[in-house]
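# Analysis of the macromolecular model
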Amino acid sequence: MTNDKATSQDPSQEPSQEPAEDAALGRFVAVIPAGGVGTRLWPLSRAAAPKFLHDLTGSGSTLLRATYDRLQPLAGKRVLVVTGTAHRAAVCRQLPEVQDGDLVLESEPKDSGAAIGLAAAILHERDPDTIMGSFAADQVISPDHLFQAAVREAIHTAAAGKIVTIGIKPTHPSTGFGYIRAGEPLGVPEAPSAQAVVEFVEKPSEEVAQEYVDSGNYVWNAGMFVAPVSLMLKHLEANQPELFAGLQEIAKSWDTPQRDEVTARVWPTLPKIAIDYAVAEPAAAAGDVAVVPGAFRWDDVGDFASVGRLNSAKEVKDVTVLGEGARVFTENASGVVVSDTKRVIALIGIKDVVIVDTPDALLVTTKEHSQRVKQAVDALKASGDTDVL
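Parameters at a glance
- Residues numbered from 1 in each chain as written.
- Predicted model: local features only at pLDDT ≥ 70, side-chain atom pairs only at ≥ 80, totals over all residues.
- Heavy atoms only, no water.
- Helix = DSSP H or I, 4+ residues; strand = E, 2+ residues; numbered from the N terminus.
- Contact = heavy atoms within 4.5 Å.
- Phe/Tyr/Trp six-rings, centres within 6.5 Å; stacked < 30°, edge-to-face > 60°.
- Buried < 20%, exposed > 50% of the residue type's maximum accessible area, 1.4 Å probe, protein only.
- Lys NZ or Arg CZ within 6 Å of the ring centre and 35° of its normal.
- Core = buried A, V, L, I, M, F, W, Y, C linked by side-chain atoms within 4.5 Å.
- pLDDT = per-residue confidence, 0-100.
- 1 Å grid on protein atoms, 1.4 Å probe; cavity = no way out; pocket = protein on both sides within 12 Å on 5 of 7 lines; lining within 4 Å.
- Points joined across faces, edges and corners; volume = space filled by probe spheres on them.
- Nonpolar A, V, L, I, M, F, W, Y, C, P; charged D, E, K, R; others polar.
- Pairing = 2+ DSSP bridges.
- Right-handed = clockwise from strand over helix to strand, strands pointing away.

### Comments concerning the environment of Val91
When you line up the elements, Val91 lands in helix H4 (residues 88-94). Each C-alpha atom of the pair Val91 and Leu64 lies 8.1 Å from the other, and the pair is 27 residues apart in sequence. Residues in contact with Val91, not counting those within four places in the same chain, are Phe52, Leu53, Leu64, Val81, Thr83 and Leu103.

### Quick word on the packing of aromatic side chains
In total, this model carries seven aromatic pairs according to the counting rule given. On the numbers, 4.0 Å between centres and 15° between planes, the contact of Tyr212 with Tyr218 is stacked. Each member of the pair, Tyr212 as well as Tyr218, carries the same accessibility label: buried. Through pairs of rings, three or more aromatic residues link up here, namely Phe135, Phe147 and Phe296. One cation-aromatic arrangement involves Arg70 over Phe147; the distance from NZ or CZ to the ring centre is 5.7 Å. The ring of Trp254 has Arg259 lying over it, and the distance from NZ or CZ to the ring centre is 4.6 Å.

### Looking at the nonpolar core
With 51 residues, the main nonpolar core has Phe28 and Met224 as its most contacted residues. Once residues lying within four places of it in the same chain are set aside, the contact partners of Phe28 are Leu74, Ala75, Arg78, Ile131, Met132, Gly133, Phe135, Val151, Ile155 and Val226. Ranked by size, the runner-up nonpolar core spans 47 residues in total, among them Val219, Leu270, Ile273 and Val289.

### Structural notes on the confidence of the model for the protein chain
For residues with low pLDDT, the predicted coordinates do not support detailed interpretation. Averaged over all residues, the pLDDT of the protein chain is 86; the fraction at 70 or higher stands at 92%. A low-confidence stretch, residues 1-21 (pLDDT under 50), is modelled with seven contacts involving residues beyond four sequence positions or located in other chains.

### Some points on the layout of surface pockets
Roughly 410 Å³ of internal volume is contained in the second largest pocket. Along the walls of the second largest pocket sit 16 residues, with Asp55, Leu322, Gly323, Glu324 and Ser339 positioned nearest its centre. Elements supplying a minimum of two residues to the lining of the second largest pocket: strand E13 (318-322) and strand E15 (334-339). Here the residues of the lining of the second largest pocket are counted per class, giving six nonpolar, five polar and five charged.

### Focus on the pairing of strand E2 (residues 79-84)
Most of E2 is tucked away: six of the six residues are buried. Direction of pairing for strand E1 (residues 28-34) relative to E2: parallel, over a ladder of five bridges. Residue Pro33 lies in a different strand from E2, and its bridge partner there is Val82. Sheet topology note: the E2/strand E3 (residues 103-106) ladder contains four bridges and is parallel. In the sheet register, Val82 faces E3, and the bridge partner there is Val104. In the classification by handedness, the crossover that spans E2, the intervening H4 and the parallel E3 is right-handed.

Encoded structure:
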């Protein structure tokens, strides 16, 4: 059905109102890297069912599905998903819209440089004018309209010839995130918030983080990149020629019958490196990186304490409860309960507890120590108890 009839009846719906935006958005393809196990969310998140496949907010959508739905108004069906071979069936169930050629499967994890770089190379083979946007599948973002507004600005800034990162305005002096130091405004007409990036900064001490927040010149690095694929690949070739050559070989075979053979042969040989080191940091040094600050709420759900901060989850008095059919009784207690069983969990006189109950593993800790769950996973792996990982 065309728009002719609707347009003649309602001129306010004419797409020509924002021709520049339509042109830039028409080049945009969303990339969703869906990797990582999320060991700090064990025993809920495991190798076979990582955190992006779970509903951690009580919203009714998994993190992966919510990410796709958030990007759909901007990208339509122009979406690539990069995930592990083991997660293919689960990803396809959650995202039936994604076509086979747009599902990039990793036989083994090679870090974000290879994952995002391969997506860029495939898209460049299909259309070298593509603007890609990479958004991890395991983040919680709200409200969607503020996120989409920031991405639109990033797309226009990328169309002006920049690799763009969307930085998160810090709400507190976090020592768990990297920071981005913003510089002068770039004066992009459709992206008034866009600024030059002076440098990327590693995770700071609390004292330094406070200085960053107080200055107003720093944002959190959430790992979101929007860029012309040609510029991404230019910097990848300059800084990681071996990785670039391997990804090019795979990409050239991607839409051919040789895809599986070439990928199986080349992928295991690729070096492991994060996209920040492979592209973003050297590109920033060359003056090719911009930042668009995001005013939306963002959480990377890195541990069970962060699960407790998510407001959309059901609460029983002062206890955040996740899990369909969870049976929780509380009296003078607070914390987080995640239940994957029908077992009754009673909390009496205990503060800031974290309980995760699954059929074959039980975690009991506190919010304060929730970052240390990864150490339990490492110990289980070392002892050979891999059946619960």
